[in-house]
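# A structural walkthrough
One-letter residues, chain by chain:
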Amino acid sequence: MNNWKISSAEVFSQGPVVPVLVIENVEDAIPIAEALLEGGISVLEVTLRTQSAIEIIQKIADNIPEAYIGAGTVTNREQLKLVTDAGAKFAISPGLTADLLAAGKEGTIPLIPGISNISDLMKANDAGYDHLKFFPAEAAGGTKTLKSIGGPFPNTVFCPTGGISLSNYKEYLALPNVRCVGGSWLAPNEAIENKDWKVLTDLANEAIRL
Ligand SMILES: O=C(O)C(=O)C[C@H](O)[C@H](O)COP(=O)(O)O
């Protein structure tokens, strides 16, 4: 049981692709979110890899209520609290720790822990998590690994990220245990630097047109 305002299943069902965003400048936050929304993507993962990430999450949460704004690279209890207070609707971690799993269950937004091996999957399952990130997807064996995992663990579903792009994302989405895929390819650094927001809209459009 948990006190999450929405379920992780709801997050996973918002669309086939989740852009993994690394945003440096706060003023880019709204244009990036709007460009992706215009392209048909409403789930956004803002990674805590930049100084301004928390402020950016808050800005998008306050100004674009229709966006499913989430936080990525959430690796500990303190960060989970920070992103929750900023208004994130969900949190994603590249991995898991016992304390993060416990904090996720005590929290109010869905936590999607990351795994790349069976033992961590079992730890996540034991703690009550069956919606997981699979990271780093390509380096950890990609679709072959996910297919194998589906044998003994058919009820655990994934959002793989890491090395996924337009060239291979459909192979992931074709697996019964994959609900969505994540990636930075939907918001390339170069386009963000050039403030070329149309590139993001076009990439989003292309990705959701399966
Ligand atoms: O920052 C995080 O929280 C992560 O877990 C990693 C990201 O999901 C991947 O780095 C995205 O991978 P690429 O699409 O290959 O760039």
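These remarks concern the structure in this document. This one's a predicted model, so the numbers in the text were calculated from it and none came from an experiment.

Near the ligand, the surroundings consist of 14 residues, among which Arg-49, Thr-73, Lys-133, Gly-163 and Ser-184 are the closest. Within the side chain of Thr-161, an N or O atom sits 2.9 Å from an oxygen atom of the ligand. In this structure, Ser-184 approaches the ligand through a side-chain N or O atom, which is 2.5 Å from an oxygen atom. When isolated, the ligand has an accessible area of 410 Å², and the protein chains bury 84% of it. With respect to the pocket detection grid, the ligand is positioned in the largest pocket.

Here the focus is the pattern of salt bridges. Counted according to the given criterion, the structure contains 7 salt bridges. The partner of Asp-28 in a salt bridge is Lys-195, with the nearest N and O atoms 2.6 Å apart. Taken together, the residues span a long stretch of sequence, with Asp-28 in the loop between β1 (17–21) and α2 (29–38) and Lys-195 in the loop between α9 (189–193) and α10 (197–208) at a distance of 167 residues. In this structure Asp-28 comes out as buried when scored by relative accessible area, which is 3%. Given a relative accessible area of 42%, Lys-195 falls into the partly exposed group.

Right, let's talk about the sheet that holds strand β8 (residues 157–160) for a bit. Taken together, the 3 strands give an open sheet; going across it, the order is β6-β7-β8, and neighbouring strands pair in parallel fashion. Of all strands in the sheet, those bounded by a partner on one side alone are β6 (114–115) and β8. Note that β6 and strand β7 (residues 131–134) share 2 bridges and pair parallel. Paired with Gly-114 across the strands is Lys-133, a residue of β7. Against the sheet, helix α7 (residues 142–149) touches β7 and β8, its axis set at about 150 degrees to β7.

Rules used in this analysis
Residues numbered from 1 in each chain as written. Predicted model: local features only at pLDDT ≥ 70, side-chain atom pairs only at ≥ 80, totals over all residues. Heavy atoms only, no water. Near = heavy atom within 4 Å. Polar contact = N/O pair within 3.5 Å; in protein donor to acceptor, adjacent residues only side chain to side chain. Areas by Shrake-Rupley, 256 points an atom, 1.4 Å probe, with all protein chains shown as cover. 1 Å grid on protein atoms, 1.4 Å probe; cavity = no way out; pocket = protein on both sides within 12 Å on 5 of 7 lines; lining within 4 Å. Sits in = over half its atoms within 2 Å of the grid points. Salt bridge = Lys/Arg side-chain N within 4 Å of Asp/Glu carboxyl O. Helix = DSSP H or I, 4+ residues; strand = E, 2+ residues; numbered from the N terminus. Buried < 20%, exposed > 50% of the residue type's maximum accessible area, 1.4 Å probe, protein only. Pairing = 2+ DSSP bridges. Contact = heavy atoms within 4.5 Å. Axes fitted to C-alpha atoms, helices over the stretch in contact; angles between N-to-C directions.

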